[in-house]
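As a plain string of letters, each chain reads:
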Amino acid sequence: MNADPKSQKPKLLKTVPCDRQLFSARFSPCGQFLASGAMDRAVMRWRVADNDLLPLPPVTGGNGWVQSIAFHPAEKLLFVSDSWGRLACTPVEGDAPAVKWEQTAAHDGTIRRIAVSSDGKLLATCSADSFVRVWNAADGSPAAKFEHTSDVFSLTFTPDNSQIIFGDMFGKVFALDFAAGKTVREFDGGLFYKLSRLQDVAGLRVLTFIDNGRTLVAAGCQPEGGGFLEGAPLLLQFDFNTGQRISETRFGAKDGFIHDLTLHPQGYFIAVTSGQPGSGKIIFLRPQEKEPFFTHSDIPNLHAVALHPDGCRFVVTSTNRESNGNGRQLTKDGQYPANSSPLHLFEIPA
């Protein structure tokens, strides 16, 4: 196990180019593969070497942006969703793995998040169509559904898989007894929402558990305004048994969203933020502390963080620095350059 990195900065091992824009990124539980969803309906894949990521042929399918992916906890299977409401399961290894199953219209519109139960038996998905749906992971058959009153932005299973925690556009977070088809508890995440210029500005992006399920963590942005959105990355912690908020942490005044967050085995968060083009940070934070003990601000436009199962390496995805489309120059042959998303492989020193 690695030493406390308070005095040892993570080391950038390699930046791996990618010719398209990426969303989420995740390592397989076996540690042999990295996968990332792209804006062109592809799932990009890499085989993991010691200090490198070796590209594999992408997995294609569906019609829209691949916004959320998740691995089965025990098998080399990848669950994939897109902005057209498709949900699919595919093996992650092989040159051209065939889709195991798919639901072409799992939701009416963008699937924002996939969660997998810890035993690998169930999937949960949420969408702009206001539904939370539960699926059998083995064959993709429907297992349960719940219709909410607004867009649902994030969700996760409780550690015992008995409930689904989901959060909506207004920052409200609910515990759903999906077998009974009703919510049984509510948590106040109203700081993630603002009505601005007749716009509902939604800031919630991540829900997860720590402390063996005793603490519920919600992360995203506390919006300051709509239109040209500005806001502070925000992390809230709740006592899951009482529903009381026990911690409230902001990172900077106008750094935007915590887009992704993972918990290191040593008990600290690794989070990535992104706001206006050209901004973004990697943040290391202990749950009981108010200030990060490590911040990396040299990589802008961060959207995903994936921690390798060995706890010694992590990857962040970013969009190229020139991603702002206002006033960009055409190339000499008259082409408008597309955005891309390099991956940055870090090592946490032992």
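## Considering the sheet that holds strand β28 (residues 302–307)
(1) Moving on: Spatially, four strands are ordered β1-β30-β29-β28 in an open sheet, and the strand pairing comes out antiparallel. Strand pairing shows two members of the sheet lacking a second neighbour, β1 (11–16) and β28, which therefore form its edges. Within this sheet the neighbouring strands show an average axis-to-axis angle of 20°, counted without direction.
(2) Moving on: Taken together, the five bridges between strand β29 (residues 313–318) and strand β30 (residues 343–347) define a ladder with antiparallel strand orientation. Considered in β30, the bridge of Thr317 is made with Leu343.

## Topic: the environment of Tyr268
(1) Moving on: Here Tyr268 shows up in the loop between β24 (257–263) and β25 (269–274).
(2) Moving on: Separated by 29 residues in the primary sequence, Tyr268 and Asp239 have C-alpha atoms spaced 18 Å apart.

## Digging into the sheet that holds strand β6 (residues 68–71)
(1) Moving on: Sheet architecture is open: four strands sit in the order β6-β7-β8-β9, paired in antiparallel fashion. Two strands bound the open sheet, and with one partner strand each, they are β6 and β9 (101–103). For this sheet the average axis-to-axis angle between neighbouring strands, irrespective of direction, equals 20°.
(2) Moving on: Here strand β8 (residues 87–91) runs beside β9; their pairing, made up of three bridges, is antiparallel. Within the sheet, the bridge partner assigned to Leu87 lies in β9 and is Gln103.

## Some thoughts on the pairing of strand β21 (residues 215–225)
(1) Moving on: Of all the 11 residues making up β21, nine are buried; the element is thus mostly covered by neighbouring parts of the structure.
(2) Moving on: Pairing between strand β20 (residues 204–210) and β21: six bridges, direction antiparallel. Bridging from a neighbouring strand, Leu207 pairs with Ala218 of β21.
(3) Moving on: Here β20 folds back onto β21, and the loop between the two strands holds four residues, one of which, Asp211, carries a positive phi near 55°.

## Considerations on the packing of aromatic side chains
(1) Moving on: Scanning the entire structure with this criterion turns up 15 aromatic pairs.
(2) Moving on: Ring geometry for Phe187 versus Phe238: centroids 5.6 Å apart, planes at 65°, classification edge-to-face. Of this pair, Phe187 sits in strand β17 (residues 182–188) while Phe238 sits in strand β22 (residues 230–239), and the two are 51 residues apart along the sequence. Of the two residues, Phe187 and Phe238, neither departs from the other in class, the shared state being buried.
(3) Moving on: Pairing Phe284 with Phe293 gives two aromatic rings, centres 6.0 Å apart and planes at 85°, and the pair type is edge-to-face. Across this residue pair, the class does not change: Phe284 and Phe293 are buried.
(4) Moving on: Directly above the ring of Phe131 sits Arg133, whose terminal nitrogen or CZ lies 4.3 Å from the centroid.
(5) Moving on: Taking NZ or CZ as reference, Arg185 lies 4.9 Å from the ring centre of Phe240, over its face.

Calculation notes
Residues numbered from 1 in each chain as written. Predicted model: local features only at pLDDT ≥ 70, side-chain atom pairs only at ≥ 80, totals over all residues. Heavy atoms only, no water. Pairing = 2+ DSSP bridges. Helix = DSSP H or I, 4+ residues; strand = E, 2+ residues; numbered from the N terminus. Axes fitted to C-alpha atoms, helices over the stretch in contact; angles between N-to-C directions. Buried < 20%, exposed > 50% of the residue type's maximum accessible area, 1.4 Å probe, protein only. Phe/Tyr/Trp six-rings, centres within 6.5 Å; stacked < 30°, edge-to-face > 60°. Lys NZ or Arg CZ within 6 Å of the ring centre and 35° of its normal.

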